Amino acid sequence: MNSIRTPEARFNDLPDFGYTPRYIDDLDGYAGLRAAYIDERSSDIDGRETFLCLHGQPTWSFLYRKMIPVFLGKDSRVVAPDFFGFGRSDKLTNESDYSFHFHRDFILRLVERLDLKNITLVVQDWGGLIGLTLPIEPNFRRRLSRLIVMNTTIAVGTPPSEGFLAWRAYCKATPDLPVGKIIKRGTPFLTDAEVAAYDAPFPGSEYKAGPRAFPQLVMTDGSMQGVRESIEAVRFWSDQWDGPSFMAVGAADPVLGSAPMAELRKVIKGCPPPLIIPEGGHFLQEWGVPIARAALAHFQQADLSSRTSFTS
């Protein structure tokens with residue numbers, strides 16, 4: 001696999017994202033490829049809650065900058081990796097080198113290496129297409145405690161919407177995807193510095209094979225890689241999941257808005273009514289402060305109800 005690395009200078013002066021990046025280049029199956037992730041801790045308390053924040057396309061861990069401080073206020077740990085092809089992680093230059101299993105196995109190996117426990121899984125977009133399949137693996141399942149889910153889906157090989165097909169075709173036909181402009185289109189309040197931060201990982205079109213590849217990998221027919229895991233994931237969330245969940249929906253998302261999220265809610269056992277952000281677009285973490293606060297309040301209430309029920 002041919003790969004390139006974004007110059008570190010591209011990440012100077014990131015707004016509200018002064019976290020120290022961590023790197024790992026010897027994961028089993030990924031030796032020689034350098035992955036980046038944020039690993040922030042509000043204390044050294046053992047057994048702390050760990051928020052595992054998975055981004056989607058064409059973003060990177062910068063997307064979680066508004067939620068991370070809220071999560072850290074809970075005396076917790078936050079881990080936010082950059083998928084290969086995104087953020088500070090190395091970029092494979094051939095689109096064909098990216099696959100569902102390539103991305104999914106990376107997250108599984110990273111979780112094992114960091115020995116993450118008591119995980120609150122936080123997902124959106126491809127972070128959900130991948131992240132929601134992780135609990136079918138017993139080693140991940142025993143680490144999982146809670147779920148925060150935003151504007152995503154579980155793709156089981158069914159035909160996509162016309163809106164998604166248009167997005168897939170656009171990405172395929174646009175080698176030099178205007179990443180920052182794409183994100184600002186649905187999040188018009190972004191500053192120029194924030195748009196530049198989304199563009200930072202991609203100095204040129206040769207760095208953008210990952211963003212171009214992701215839409216082509218969405219499982220839209222039954223023969224595609226990832227369908228089996230996704231079908232198993234539906235069974236897990238419907239039948240086996242018994243932890244607290246929180247859903248937030250950006251209603252202004254034209255592809256993964258209210259209707260698709262209502263279908264996903266039916267799959268997640270015990271998922272309460274979602275927090276609807278009427279003006280929220282696809283990149284819902286940009287509205288992340290009230291979402292993170294509401295999720296923590298919900299989990300606190302769920303914990304209190306569980307303790308009250310146990311002692312009754």
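To keep things clear, this report deals only with the structure shown in the data block.

What counts, and where the lines are drawn
Residues numbered from 1 in each chain as written. Predicted model: local features only at pLDDT ≥ 70, side-chain atom pairs only at ≥ 80, totals over all residues. Heavy atoms only, no water. Helix = DSSP H or I, 4+ residues; strand = E, 2+ residues; numbered from the N terminus. Rg over C-alpha atoms; globule rule 2.2 N^0.38 Å. Buried < 20%, exposed > 50% of the residue type's maximum accessible area, 1.4 Å probe, protein only. Contact = heavy atoms within 4.5 Å. Lys, Arg positive; Asp, Glu negative; His and termini not counted. Charge placed at Lys NZ, Arg CZ, Asp CG, Glu CD. Axes fitted to C-alpha atoms, helices over the stretch in contact; angles between N-to-C directions. Left-handed = near helix turned anticlockwise from the far one by under 90°. Nonpolar A, V, L, I, M, F, W, Y, C, P; charged D, E, K, R; others polar. Salt bridge = Lys/Arg side-chain N within 4 Å of Asp/Glu carboxyl O. Arc of directions from axis to C-beta. Pairing = 2+ DSSP bridges. Core = buried A, V, L, I, M, F, W, Y, C linked by side-chain atoms within 4.5 Å. Phe/Tyr/Trp six-rings, centres within 6.5 Å; stacked < 30°, edge-to-face > 60°. Lys NZ or Arg CZ within 6 Å of the ring centre and 35° of its normal. Parallel < 35°, antiparallel > 145°, perpendicular 65-115°, else oblique.

1. Describing the overall build of the protein chain
- Counting secondary structure elements, the protein chain contains 11 helices and 10 strands.
- In summary, the protein chain has a C-alpha radius of gyration of 18 Å against a globular reference of 20 Å for 312 residues, a match within 12%.
- Within the protein chain, buried positions represent 55% of all 312 residues.
- Taking as baseline every contact in the protein chain between residues at least 6 positions apart, the subset at least 24 positions apart corresponds to 80%.
- Across the protein chain, the centroid of the 34 positively charged side chains sits 2 Å from that of the 37 negatively charged ones.

2. A closer look at the packing of helix α5 (residues 162–173) against helix α8 (residues 209–217)
- Two elements in contact, α5 and α8, have axes whose closest approach is 9 Å; the angle formed by their N-to-C orientations is 145°. Remark: the crossing between α5 and α8 carries left-handed chirality. On α8, the residues touching F164, W167, R168, C171 and K172 of α5 are R212, P215 and Q216.
- Classifying every residue of the contact of α5 with α8 by side-chain character gives four nonpolar, one polar and three charged.

3. Some points on the pattern of salt bridges
- Summed over the entire model, instances satisfying the criterion amount to 18 salt bridges.
- The residue K66 makes a salt bridge to E286 at a minimum N-O spacing of 3.1 Å. Of this pair, K66 sits in the loop between β4 (50–54) and α1 (68–72) while E286 is found in the loop between β10 (275–277) and α11 (288–311), placing the two residues 220 residues apart along the sequence.
- Judged by its relative accessible area of 23%, K66 falls in the partly exposed class.
- Using a relative accessible area of 3% as the deciding quantity, one classes E286 as buried.
- Between D115 and R143 there is a salt bridge, and its shortest N-O distance comes to 2.9 Å. Remark: R143 occurs in the loop between α4 (138–141) and β8 (144–150) and D115 occurs in the loop between α2 (100–114) and β7 (119–124); sequence separation between them is 28 residues.
- Accessibility expressed as a relative area gives 5% for R143, which makes it buried.
- Here the salt bridges share partners, and the residues they tie into one network are R65, K66, E194 and E286.

4. Description of helix α7 (residues 192–199)
- E194, V195, A197 and Y198 are the residues of α7 that are buried. For α7, the arc enclosing every buried residue in end-on projection is 155°, short of the 170-degree limit, so these residues lie on one face.
- Looking at the buried side of α7, the elements it contacts are α6 (179–186).

5. Observations regarding the pairing of β7
- Burial runs high along β7: six of the six residues are buried.
- Burial along β7 is two-sided: the face carrying I119, L121 and V123 and the face carrying T120, V122 and Q124 are both buried.
- Strand direction decides the pairing type here: β4 and β7, joined by five bridges, are parallel. Across the sheet, F51 pairs through a bridge with T120, a residue of β7.
- When β7 meets β8, the two strands line up parallel, connected through six bridges. Note that in β8 the partner of L121 across the bridge is L147.

6. Topic: the sheet that holds strand β5 (residues 77–81)
- If you trace the eight strands from one edge of the open sheet to the other, you get β2-β3-β5-β4-β7-β8-β9-β10, paired in mixed fashion. Edge positions in the open sheet fall to β2 (21–24) and β10, since each of these has one partner strand only. Ignoring which end each strand starts from, the neighbouring axes of this sheet average 20° apart.
- Along the sheet, helix α10 (residues 258–267) contacts β8 and β9 (245–250); its crossing angle with β9, the most-contacted strand, is approximately 165°.

7. Here we look at the nonpolar core
- Residues F71 and W237 are the most contacted members of the largest nonpolar core, which totals 101 residues.
- Counting residues per element, this core draws most heavily on α2, at eight residues.
- Not counting chain neighbours up to four residues away, the residues in contact with F71 comprise F51, C53, S76, V78, V122, I148, A292 and L296.

8. Let's talk about the packing of aromatic side chains
- If you walk through the whole model with that rule in mind, you get 24 aromatic pairs.
- Residue placement shows R34 over the ring face of Y23; its charged tip is 3.8 Å from the ring centre.
- When the ring centre of F11 is taken as origin, the NZ or CZ atom of R88, which lies over that ring, is 4.8 Å away.

9. Quick look at the packing of α6 against α7
- Where α6 meets α7, the closest approach of the two axes is 7 Å, and the angle between their N-to-C directions is 130°. Between α6 and α7, the angle is such that the two are oblique. The hand of the α6/α7 crossing is right-handed. Between α6 and α7, the contacting residues are V179, G180, K181, I183 and K184 on the first element and V195, Y198 and D199 on the second.
- Considering only residue class, the contact of α6 with α7 consists of four nonpolar, one polar and three charged.

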